[in-house]
Amino acid sequence: MATITRERSHEIFTRACQLMPGGVNSPARAFGAVGGEPIIMQSASGPYITDVDGNQYVDYIGSWGPMILGHSNLAVVEAVQKATEKGTSFGAPTAAENRLAELVIEAVPSIEKVRLVNSGTEATMSAIRVARGYTGRDLVIKFAGNYHGHVDSLLVSAGSAAATLAVPNSPGVTEGTSKDTIVLPYNDVDKLTAAFAEYAGKIACVILEPVVGNMGCVIPHKQFLTALRDLTTEHGSVLIFDEVMTGFRVAYGGAQSLYGVTPDMTTLGKIVGGGLPLGAYGGRAEIMDQVLPAGKVFQAGTLSGNPIATAAGTATLEQLKSDPPYDRLEKTCSRLAEGLSAAAKAAGLEHCVQRVGSMMTLFFHPGPVNSWDDAAKCDTTMFGKFFWGMMDRGIYLPCSQYEALFVSAQHGDDEITKTIASAHEVLAQIVA
Ligand SMILES: *Cc1c(COP(=O)(O)O)cnc(C)c1O
């Protein structure tokens, strides 16, 4: 194992801390859950990312989801360059937006009409506004450990960095806002049924991650998805699948096409923007036609449908559609899952590996992890040691037990072999 120095990273981060809160522009990347300082990155290509000290890592974060084709994908880079030469923003409609909208509508079963926005947070924030406008009701049901961006009313028992940092309710989120949010345990059909009985006629929508990535990878029970669809239909509530992470990831048509359950609305982000800031929300035409200027629900954006972001998203989806990587991703990630599980087993550690397609988590908990209550019992100290051991061997994992890792279409046998061998070394050393 070569010694890794991170002097330049340390210098830059020290300066960043004087300029930005915690030295970062998003808490998920701050390494808060594993201790130590974040690594400052400089470039990325294929399955690799390189830091400012010249250390190269196999990247299992993939910008937290978007980079399913690997970094610096040629067609995406060329599409961005070409779009940039024609001007970077018009604030007026372009033909390019039609192309991306067509691709999204064709791919995602529940989407008949779509609106492009700038982030996943904007997508979920707007979707629940539309659901409330459409139903004329106030209450929103969400699930503990699910993360839907930093929307005030959804920042209650949220996953991702909010889980990591144990901020169930952020300061600044008013009681008035969170009182319209009902938080239930994931995969719990009885509590869901009880909530619909208790709040009959008042529930505007239910929002969930149809495969959770933000408390680590947690798989939905079939009967949970079925109950969600049946109860929302029966009670006239809008079912929203937050597929910001799972869209174009677990299948081209998202979790809804994988499980055959069609929600009323869907939110997208990450992959749909091909690594540029772009999100989207869509659903049945009747619901989407509530949105201004077709309807009365206000939602707008100066940079929405931005031509560069649209070009990157379109170039990404076109490749995923014409040359689907999903079989390959399944093979690569299942090999990784088996290898990491074998490494944990060889070290005699309690663990479970949960995976859907190319997103997965090695939990330091015997499992199965079905909800936030289960996830909260993981050995996060063990995860921190594992994380740093892997970093020192050139493997860049998500810096929290409660974030799923991602494999890209550019990860090959060499990278997986190296990762598994490193995991054996690291875990054996930890328990020694
Ligand atoms: C990342 C994520 C979001 C937030 O998207 P941003 O682009 O970070 O605002 C929302 N929902 C889910 C499921 C996510 O994974």
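Residues numbered from 1 in each chain as written. Predicted model: local features only at pLDDT ≥ 70, side-chain atom pairs only at ≥ 80, totals over all residues. Heavy atoms only, no water.

Draft legend 1. Local environment of empty space enclosed by the protein. The full count for this structure, using the stated rule, is three cavities of 30 Å³ or more. In this structure, the largest cavity encloses a volume near 90 Å³. Around the largest cavity, the lining residues are Leu-340, Met-360, Thr-361, Leu-362, Phe-383, Phe-386, Leu-397, Pro-398, Ser-400, Gln-401, Glu-403 and Leu-405. Every element with two or more residues in the lining of the largest cavity is listed here: strand 12 (359-363) and helix 14 (380-392). Among the elements that line the lining of the largest cavity, the one with the most residues is strand 12, at three residues. The class makeup of the residues in the lining of the largest cavity is eight nonpolar, three polar and one charged. (1 Å grid on protein atoms, 1.4 Å probe; cavity = no way out; pocket = protein on both sides within 12 Å on 5 of 7 lines; lining within 4 Å. Points joined across faces, edges and corners; volume = space filled by probe spheres on them. Helix = DSSP H or I, 4+ residues; strand = E, 2+ residues; numbered from the N terminus. Nonpolar A, V, L, I, M, F, W, Y, C, P; charged D, E, K, R; others polar.)

Draft legend 2. Molecular detail of the pairing of strand 3 (residues 56-59). Two strands pair when backbone bridges link them, and strand 2 (residues 48-51) and strand 3 are joined in this way by three bridges, in the antiparallel orientation. Paired with Ile-49 across the strands is Tyr-57, a residue of strand 3. Connecting strand 2 to the next strand, strand 3, in antiparallel fashion are four residues, including Gly-54 with a positive phi near 85°. Bridging between strand 3 and strand 13 (residues 395-396) involves two bridges; their strand directions are parallel. Within strand 13, the residue paired with Val-58 across the bridge is Ile-395. (Pairing = 2+ DSSP bridges.)

Draft legend 3. Just the nonpolar core, in detail. Val-104, Phe-248, Leu-317 and Phe-386 are the most contacted members of the largest nonpolar core, which has 62 residues in total. Looking at which element gives the most residues to this core, the answer is helix 12 (residues 326-346), with eight residues. Both domains that meet at this core, namely domain 1 (7-60 + 325-431) and domain 2 (74-322), each give it at least three residues. Not counting the four nearest positions on each side in its chain, Leu-317 is found in contact with Leu-100, Leu-103, Val-104, Phe-248, Tyr-252, Ile-271 and Val-272. (Core = buried A, V, L, I, M, F, W, Y, C linked by side-chain atoms within 4.5 Å. Buried < 20%, exposed > 50% of the residue type's maximum accessible area, 1.4 Å probe, protein only. Domains from an automatic or database assignment. Contact = heavy atoms within 4.5 Å.)

Draft legend 4. Geometry of the environment of Ala-95. Turning to its location among the elements, Ala-95 is positioned in helix 3 (residues 95-107). Overall, Ala-95 belongs to the exposed group, its relative accessible area being 63%. Sequence separation between Ala-95 and Ser-72 is 23 residues; the distance between their C-alpha atoms is 25 Å.

Draft legend 5. Summary view of the domain arrangement of the chain. By the assigned domains, the chain splits into domain 1 (7-60 + 325-431) and domain 2 (74-322). Here domain 1 and domain 2 share an interface that buries about 2100 Å² over both sides, 66% of which is from carbon and sulfur atoms. On the domain 1 side of the contact with domain 2, Tyr-326, Val-356 and Met-359 bury the most area, a combined 30% of that side's loss. Run the count over domain 1 and domain 2 and you get zero salt bridges. Summed over the shared surface of domain 1 and domain 2, the result is nine residue pairs in polar contact (both at pLDDT 80 or more). (Buried area = accessible area lost by both parts, 1.4 Å probe. Salt bridge = Lys/Arg side-chain N within 4 Å of Asp/Glu carboxyl O. Polar contact = N/O pair within 3.5 Å; in protein donor to acceptor, adjacent residues only side chain to side chain.)

Draft legend 6. Molecular detail of the sheet that holds strand 2. In space, the four strands of this open sheet follow the order 1-2-3-13, with mixed pairing throughout. Only two strands of the sheet have a single neighbouring strand rather than two, namely strand 1 (41-45) and strand 13. Pairing analysis gives four bridges linking strand 1 to strand 2, with the strands arranged antiparallel. Opposite Ala-44, over in strand 2, you have Ile-49 as the bridge partner.

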